[in-house]
Amino acid sequence: MSTQSSKIIEWSARIRCKEHALGGSYSVLLFVGPIPDEEKDWRISPSFVGMHGVYTGYGIPDNTADDVEVEGFVRLNKALVASSLSSLGPEDVVPFLKSALGWRVQKISSEVISPSKFDFLEVAVCSVILERNTEEGFPKPVGPPVYYPECTAGRP
C-alpha cells in the first residue's frame, strides 16, 4: 500500500507574559483585522481569532517577585485563509500580519488594561511546516518553528 503525504504551513501567535502581572486573572485577546472600539464587541467580532487566558489566585500582588512566565498559542490559519491572501507563504503572510494583527488585554472584571502596564508581554508570530501522512492521520512538524519578529516589532 502506498502512502501519500501533504504539507501545510501552520501559522500561530505565541503569547508570553507573567502570571501575576495584574494581580488577578486576565486575557490577551488577538485580532486579525480591525479591532472594535467597544470592548463588549471584542469576542463577537469577525476579526477576533482567539485568546490566551491567564488564571491566577485572587489577591496576589501585582508583579510578584517569584512570578512565573506563562505562554499560550492562538492559531491564525483560519483568519489568513479568510483574508484571501495569495498563499500561506511568509512572503504574503508577514506583510499582512504587520498591519492586521492586533491585541488587547482585559482583566476578568472586564477592565481594559494597556499592554504598556506589563513588565513583560510578548506576542510573537511563528510558522511551522506540518506533514500529514495518510496512514498515520495526525500531522507532524517538519523542522522547528520559524519566528517572524517583524510582525509585532515596536508594539507593546
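Thresholds, definitions, all that
Residues numbered from 1 in each chain as written. Predicted model: local features only at pLDDT ≥ 70, side-chain atom pairs only at ≥ 80, totals over all residues. Heavy atoms only, no water. Buried < 20%, exposed > 50% of the residue type's maximum accessible area, 1.4 Å probe, protein only. Helix = DSSP H or I, 4+ residues; strand = E, 2+ residues; numbered from the N terminus. Arc of directions from axis to C-beta. Pairing = 2+ DSSP bridges. Contact = heavy atoms within 4.5 Å. Core = buried A, V, L, I, M, F, W, Y, C linked by side-chain atoms within 4.5 Å. pLDDT = per-residue confidence, 0-100. Phe/Tyr/Trp six-rings, centres within 6.5 Å; stacked < 30°, edge-to-face > 60°.

(A) Here's a closer look at helix H2 (residues 90–100). When we look at burial in H2, the residues that qualify are Val93, Val94, Leu97 and Ala100. For H2, the arc enclosing every buried residue in end-on projection is 150 degrees, short of the 170-degree limit, so these residues lie on one face. Turned more than 90 degrees from where H2 packs its buried face, Glu91 and Ser99 sit exposed.

(B) The sheet that holds strand S2 (residues 26–32), seen in detail. Across the sheet, which stays open at both edges, the four strands sit in the order S3-S2-S5-S6 with antiparallel pairing between neighbours. Across the chains shown, the open sheet's two edge strands, defined by having one partner strand only, are strand S3 (48–54) and strand S6 (112–113).

(C) Structural detail: unusual backbone geometry. Of note, the phi angle at serine 84 is positive, near 65 degrees, even though the residue is not glycine. Along the chain, the position of serine 84 falls in the loop between helix H1 (77–82) and H2. Relative accessible area serves as the criterion here: at 62%, serine 84 is assigned to the exposed category. Not every positive phi belongs to a glycine, and serine 110 is a case in point at roughly 85 degrees. Assignment of secondary structure puts serine 110 in the loop between strand S5 (101–107) and S6.

(D) Looking closely at the side chain of serine 27. The residue serine 27 is located in strand S2 in this model. Apart from residues lying up to four places away in sequence, serine 27 is in contact with Arg43, Met51, His52, Gly53, Arg104, Val105 and Gln106.

(E) The nonpolar core, seen in detail. Formed by 29 residues in total, the largest nonpolar core has its most connected members in Tyr26, Leu97 and Phe118. Sorting the residues of this core by element identifies strand S1 (5–18), S2, H1, H2, S5 and strand S7 (121–133) as the ones contributing at least two each. Residues within four places of phenylalanine 118 in sequence aside, it is in contact with Cys17, Ala21, Leu22, Tyr26, Val105 and Ile113.

(F) How the structure looks around the confidence of the model for the protein. For the protein, the mean per-residue pLDDT works out to 89, and 90% of the residues sit at or above 70. The least confident element of the protein, judged by mean pLDDT, is strand S8 (residues 139–141) at 88; the most confident is strand S9 (residues 146–147) at 98.

(G) Main features of the packing of aromatic side chains. Scanning the model with the defined rule gives four aromatic pairs in all. Ring geometry for tryptophan 11 against tyrosine 148: centres 5.1 Å apart, planes inclined by 35 degrees, an arrangement best described as tilted. Taken together, the residues span a long stretch of sequence, with tryptophan 11 in strand S1 and tyrosine 148 in the segment after S9 at a distance of 137 residues. Tyrosine 148 gets classed as buried once you look at its relative accessible area, which sits at 13%. Between tyrosine 26 and phenylalanine 118 the ring centres are 5.5 Å apart and the planes differ by 65 degrees, which places this aromatic pair in the edge-to-face class. In this pair, tyrosine 26 sits in strand S2 while phenylalanine 118 sits in the loop between S6 and S7, placing the two residues 92 residues apart along the sequence. As far as burial versus exposure is concerned, tyrosine 26 and phenylalanine 118 are alike and both buried. Connected via pairs of aromatic rings, a cluster forms that spans Phe31, Trp42 and Phe48.

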